[in-house]
Each structure stands twice: as C-alpha cells, then as structure tokens.
Amino acid sequence: MTSGMDDLEKKIGKVPRIFKRLAETDPDIHELILKLDQYIWDDGALSSKTKKLIAIAIAASMRDQHAIKAQMAGAKNLGVTKDEVEEALRVAYLLAGMPAYVNGKVIEEEVM
C-alpha cells in the first residue's frame, strides 16, 4: 500500500476494496481523492478528532452502517473516547431522531 493509502487506513480504519482498485484502474482520480482527503482531515480550525466526531454523527444520521463502522475504527486510531462518541451520537439524535442514535450505539458497542 502506498503511504497515502496507509494514512487513509489509519484515519478510517479500513480502506474499501473498491478504492484500492481505483489506484490501479484510475490512478489520477485516486491520487486526487487522497489529496482531498488529506486536506479535509488535517487539523485546521477544527482538530482531526473533532472532524471525526462530526463524521460519526453524520454517518449515524444517514444510518450508513458501513460509514459508521469505518469512522469509528478511524476514531479509535485518533484516541476518540466512547464518551466523546456518545456526545456526538446525542447530537445526531437531537437532529436526526432515535433511529440515528440507536444505529450509532449498536455499532459503537461493536467497534469501540
């Protein structure tokens, strides 16, 4: 795996196979996506950890189990705690309802 892919795996926990194949089938777009990913996730006005908590809340709100698992796996690599995930899921609950909260909690128990 390239250094960019290693960094991505560290951030998200597991790189989807389709994205790994993209490195072979369309290396230009693959490289652009890695650069955008780096730009988005780097510390800025918000820390990477805060951005990860936002991503968890968004994934839970979308009820996207794959994304929740990937974001939580990456969160563990950043030192995000269960208490922090809990607070992010409460925000998702407030804005997206009980199904988003429950969906996130189920996956939190699996991953964290």
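Keep in mind that what you see is a predicted model, and the values were worked out from it rather than measured. (Residues numbered from 1 in each chain as written. Predicted model: local features only at pLDDT ≥ 70, side-chain atom pairs only at ≥ 80, totals over all residues. Heavy atoms only, no water.)

Draft legend 1. Fine view of the confidence of the model for the chain. Taken residue by residue, the chain gives an average pLDDT of 88. The fraction at 70 or more is 96%. Across the chain, helix H4 (residues 48–62) holds the top mean pLDDT of 95, while helix H1 (residues 3–12) sits lowest at 73. (pLDDT = per-residue confidence, 0-100. Helix = DSSP H or I, 4+ residues; strand = E, 2+ residues; numbered from the N terminus.)

Draft legend 2. Seen up close, helix H7 (residues 98–111). Taking 1.5 Å per residue as the helical rise, H7 with its 14 residues ought to reach 20 Å, and the 20 Å between its terminal C-alpha atoms agrees with that figure. Taken together, the buried positions of H7 are occupied by Ala100, Tyr101, Asn103, Gly104, Ile107, Glu108 and Val111. The arc that holds the buried residues of H7, viewed along the axis, is 165 degrees, so those residues lie on one side. Relative to its buried face, H7 has exposed residues pointing more than 90 degrees away, namely Glu109 and Glu110. (Expected span 1.5 Å × (residues − 1). Buried < 20%, exposed > 50% of the residue type's maximum accessible area, 1.4 Å probe, protein only. Arc of directions from axis to C-beta.)

Draft legend 3. Examining the packing of aromatic side chains more closely. Under the criterion given, the structure shown has 1 aromatic pair. On the numbers, 5.7 Å between centres and 65 degrees between planes, the contact of Tyr93 with Tyr101 is edge-to-face. On the basis of relative accessible area, Tyr93 is assigned to the partly exposed category, the value being 40%. Over the ring of Trp41 we find Lys52, and its NZ or CZ is 4.2 Å from the ring centre. (Phe/Tyr/Trp six-rings, centres within 6.5 Å; stacked < 30°, edge-to-face > 60°. Lys NZ or Arg CZ within 6 Å of the ring centre and 35° of its normal.)

Draft legend 4. Geometry of H4. Compared with an ideal rise of 1.5 Å per residue, which puts 15 residues at 21 Å, H4 spans 21 Å between its outermost C-alpha atoms and is within 8% of the ideal. Where H4 is concerned, the buried positions are Ser48, Lys51, Lys52, Leu53, Ala55, Ile56, Ala57, Ala59 and Ala60. Once H4 ends, the next one or two residues include Arg63, with phi positive near 60 degrees.

Draft legend 5. Local environment of the environment of Ala96. Note on placement: Ala96 falls in helix H6 (residues 82–96). Ala96 gets classed as partly exposed once you look at its relative accessible area, which sits at 26%. Between the C-alpha atoms of Ala96 and Asp7, which are 89 residues apart in sequence, the distance is 31 Å. With residues near it in sequence (within four places) discarded, Ala96 still touches Ser61 and Arg63. (Contact = heavy atoms within 4.5 Å.)

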